[in-house]
Amino acid sequence: MGTQSRLVVCAAVALLRGVSEGFAVSSPGVRAATRVAATIERPSVEAVDEEYSPTVGEHAPLTKNNQGETWLPQMARPRRNRKSAGLRAMVRETSITAANLMQPIFIHDEETTVGIGSMPGQMRHSLGSMLEEVRTGLAAGVRSFVLFPKVSDGLKSNYGEEAYNPTGLVPRAVALIKKECPDAVVVTDIALDPYSDQGHDGVVHEGKILNDVTVEQLCKQAVCHARAGADIVAPSDMMDGRVGALRMALDAEGFTDVSILAYSAKYASAFYGPFRDALDSHPGFGDKKTYQQDPANSREAILEASIDAAEGADMLMVKPGLPYLDIIKSIRDAVDLPVAAYHVSGEYAMLKAAAQNGWIDEKAVVLETLLCFRRAGADVILTYYATTAAQWLKDAQD
């Protein structure tokens, strides 16, 4: 460092010391340091270059190649595999297609379609509108759809009997889709919360959620949906032992081909608020922490996934999605079954809000998000962006 540079540094140190020790910037010592700094000419770029060159000297980090160009003697250069779009595509480790996406659809037993305020772009569909939603998804390349019903309050009860009404909303919706769009894979939610006057996923007794009694109701619900034509039933209740019971119930009734997509690692998350708005299924009291998992736990997710796999689940789900990529990866490594991830309502709402405010490029961020799910190990992604993202992917190929 030259003499002038040292003087600049000393002046700066004196200035900072005066401020840190509580002296006013106008104090004599600080003013003197400031005057010194002001009178010293800043070194030119050429002067700095003369003082130090990274290609000169005994321990210079760079040198010159045979062409006289600056050269870093680095043999491994990962950037070579990123130098063009063609090369990047050739070595890309992860991809996403419309086949990886599942579209959730909210339905209600009304003639009109109603928007969901906390989920811009999402609707409570009439059965006719639901059918159009399925057709639009199929045209974009989406093949699977999961139904979530908004049940009128007059049909709700503690035991959720409406969940297995053969002429109820979900059985009619399933039958309609399978009649009009037989190639669509129809998935139904198995849980009591949409049908419960308590707002919980199970039967309530003296403030507690009853496990085994709830499983009995879920078995009736799954068989009802299978009879209507459901391809997959997806228990989201988090009761112990429900996967094995559902498997036995379905098999005993002749539905050995109906798959079970188990919500194996469903966390007691704060990201579900907009979904509960859509179904009007907020807990009537307390929370769901006695049956949904603690967000602080990861080993518990492996335990739950392993149990569900042993009980006959065909696929395992992690919910929520993006904040739990580590859980997706852990289950992917521990279990050989296909893994699904739910890109939940709160995650969707945040992206929508940011996009509507012009803070993000919605398309780019959504596709990156979905790719991250795949990279973490998800085979299937439930996302409210499914049809939209599939269309973006399709347009990119055209």
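This one's a predicted model, so the numbers in the text were calculated from it and none came from an experiment. (Residues numbered from 1 in each chain as written. Predicted model: local features only at pLDDT ≥ 70, side-chain atom pairs only at ≥ 80, totals over all residues. Heavy atoms only, no water.)

Draft legend 1. How the structure looks around the overall build of the protein chain. Per the secondary structure count, the protein chain includes 14 helices and 14 strands. Out of the 398 residues belonging to the protein chain, those deemed buried represent 45%. Summarising the internal contacts of the protein chain: among those between residues at least 6 apart in sequence, 72% fall at separations of at least 24. Just so you have it, the protein chain exposes about 20,200 Å², and 53% of that area is on carbon and sulfur atoms. (Helix = DSSP H or I, 4+ residues; strand = E, 2+ residues; numbered from the N terminus. Buried < 20%, exposed > 50% of the residue type's maximum accessible area, 1.4 Å probe, protein only. Contact = heavy atoms within 4.5 Å. Areas by Shrake-Rupley, 256 points an atom, 1.4 Å probe, with all protein chains shown as cover.)

Draft legend 2. Spotlight on the pairing of strand 3 (residues 101-108). Strand 3 sits mainly inside the fold: 8 of its 8 residues count as buried. In this structure, strand 3 lies alongside strand 14 (residues 380-383), joined through 2 bridges in parallel fashion. Across the sheet, residue Leu101 finds its bridge partner in strand 14, namely Ile381. (Pairing = 2+ DSSP bridges.)

Draft legend 3. Seen up close, helix 12 (residues 345-356). Over its 12 residues, helix 12 runs 16 Å from end to end, which matches the ideal 16 Å to within 8%, given 1.5 Å per residue. Positioned one or two residues after helix 12, Gly358 has a phi angle of 75°, which is positive. (Expected span 1.5 Å × (residues − 1).)

Draft legend 4. Structural detail: the pairing of strand 11 (residues 259-266). Counting buried positions over the 8 residues of strand 11 gives 7, a clear majority of the element. Crossover handedness for the path strand 10 (residues 232-235) to helix 8 (residues 242-252) to strand 11: right-handed. In terms of strand pairing, strand 11 meets strand 12 (residues 315-319) through 5 bridges, oriented parallel. In the strand pairing of strand 12, Tyr263 is matched with Met317. (Right-handed = clockwise from strand over helix to strand, strands pointing away.)

Draft legend 5. Broad picture of the packing of helix 6 (residues 169-180) against helix 7 (residues 211-228). For the pair helix 6 and helix 7, the least separation of the axes is 8 Å and the interaxial angle reads 30°. The angle between the axes of helix 6 and helix 7 places the two elements in the roughly parallel class. Between helix 6 and helix 7 the crossing geometry is right-handed. On helix 7, the residues touching Val170, Pro171, Val174 and Ala175 of helix 6 are Cys224, His225 and Ala228. A class-by-class count of the residues in the contact of helix 6 with helix 7 yields 6 nonpolar, 1 polar and no charged. (Axes fitted to C-alpha atoms, helices over the stretch in contact; angles between N-to-C directions. Parallel < 35°, antiparallel > 145°, perpendicular 65-115°, else oblique. Left-handed = near helix turned anticlockwise from the far one by under 90°. Nonpolar A, V, L, I, M, F, W, Y, C, P; charged D, E, K, R; others polar.)

Draft legend 6. Representation of the packing of aromatic side chains within the structure. In total, this model carries 8 aromatic pairs according to the counting rule given. Consider the rings of Phe106 and Tyr384, whose centres lie 5.7 Å apart with planes at 15°: the pair is stacked. Of this pair, Phe106 sits in strand 3 while Tyr384 sits in the loop between strand 14 and helix 14 (386-397); the two residues are 278 residues apart in sequence, bridging distant segments of the chain. The pair Phe106 / Tyr384 is uniform in exposure class, with both members buried. Cluster of aromatic residues (ring-pair linked, three or more members): Phe106, Phe148, Tyr342, Tyr348, Tyr384, Tyr385 and Trp392. Stacked on the ring of Tyr272, the Lys or Arg Lys319 has its end atom at 4.8 Å from the ring centre. Just above the ring of Tyr342 sits the side chain of Lys319; from NZ or CZ to the centre is 4.7 Å. (Phe/Tyr/Trp six-rings, centres within 6.5 Å; stacked < 30°, edge-to-face > 60°. Lys NZ or Arg CZ within 6 Å of the ring centre and 35° of its normal.)

Draft legend 7. Geometry of unusual backbone geometry. For the peptide bond that leads from Lys319 to Pro320, omega is -5°, which places it in the cis range. In this fold, Pro320 is placed in the loop between strand 12 and helix 11 (325-334). Located in the positive-phi region is Glu206, a residue other than glycine, with phi close to 50°. By secondary structure assignment, the location of Glu206 is in the loop between strand 8 (203-205) and strand 9 (208-210). For Glu206, a relative accessible area of 73% translates into the label exposed. In this model, Met238 sits at a positive phi of 70°, which is unusual for a non-glycine residue. On the secondary structure map, Met238 appears in the loop between strand 10 and helix 8. Met238 sits in the buried class, given a relative accessible area of 4%.

Draft legend 8. Expanded view of the side chain of Thr387. One can find Thr387 in helix 14. Excluding anything up to four places from it in sequence, Thr387 contacts Gln103, Thr136, Gly137, Ala140 and Val142.

Draft legend 9. Region of the structure containing a positive patch on the surface. Among the surface-exposed residues, Arg77, Arg79, Arg80, Arg82 and Lys83 lie close enough to one another that they form a single positively charged patch. Looking at where Arg77 falls in the secondary structure, it is placed in the loop between strand 2 (70-71) and helix 4 (85-90). (Patch = residues over 30% accessible without salt bridge, like charges linked within 9 Å, V, L, I, M, F, W, Y side chains within 5 Å. Salt bridge = Lys/Arg side-chain N within 4 Å of Asp/Glu carboxyl O. Lys, Arg positive; Asp, Glu negative; His and termini not counted. Charge placed at Lys NZ, Arg CZ, Asp CG, Glu CD.)

Draft legend 10. Here's a closer look at the environment of Ile381. Along the chain, Ile381 turns up in strand 14. For the pair Ile381 and Met317, spaced 64 residues apart in sequence, the C-alpha to C-alpha distance is 9.2 Å. Not counting chain neighbours up to four residues away, the residues in contact with Ile381 comprise Ile96, Asn100, Leu101, Met102, Ala341, His343, Leu370, Phe373 and Arg374.

Draft legend 11. Summary view of the pattern of salt bridges. In total, this model carries 16 salt bridges according to the counting rule given. We note a salt bridge from Asp109 to Arg172, for which the minimum N-O separation is 2.5 Å. With Asp109 in the loop between strand 3 and strand 4 (114-115) and Arg172 in helix 6, this residue pair connects regions lying 63 residues apart in the sequence. Residue classification places Asp109 among the partly exposed positions, given a relative accessible area of 47%. Residue class for Arg172 comes out partly exposed when judged on its relative accessible area of 32%. A salt bridge links Lys266 to Asp201; the nearest nitrogen and oxygen atoms lie 3.9 Å apart. Placement of the pair is Lys266 in strand 11 and Asp201 in the loop between strand 7 (185-190) and strand 8, with a sequence separation of 65 residues. For the pair Lys266 and Asp201, one class covers both residues: buried. If you follow the salt bridges from partner to partner, you end up with Asp193, Asp201, Lys266 and Lys288 in one network.

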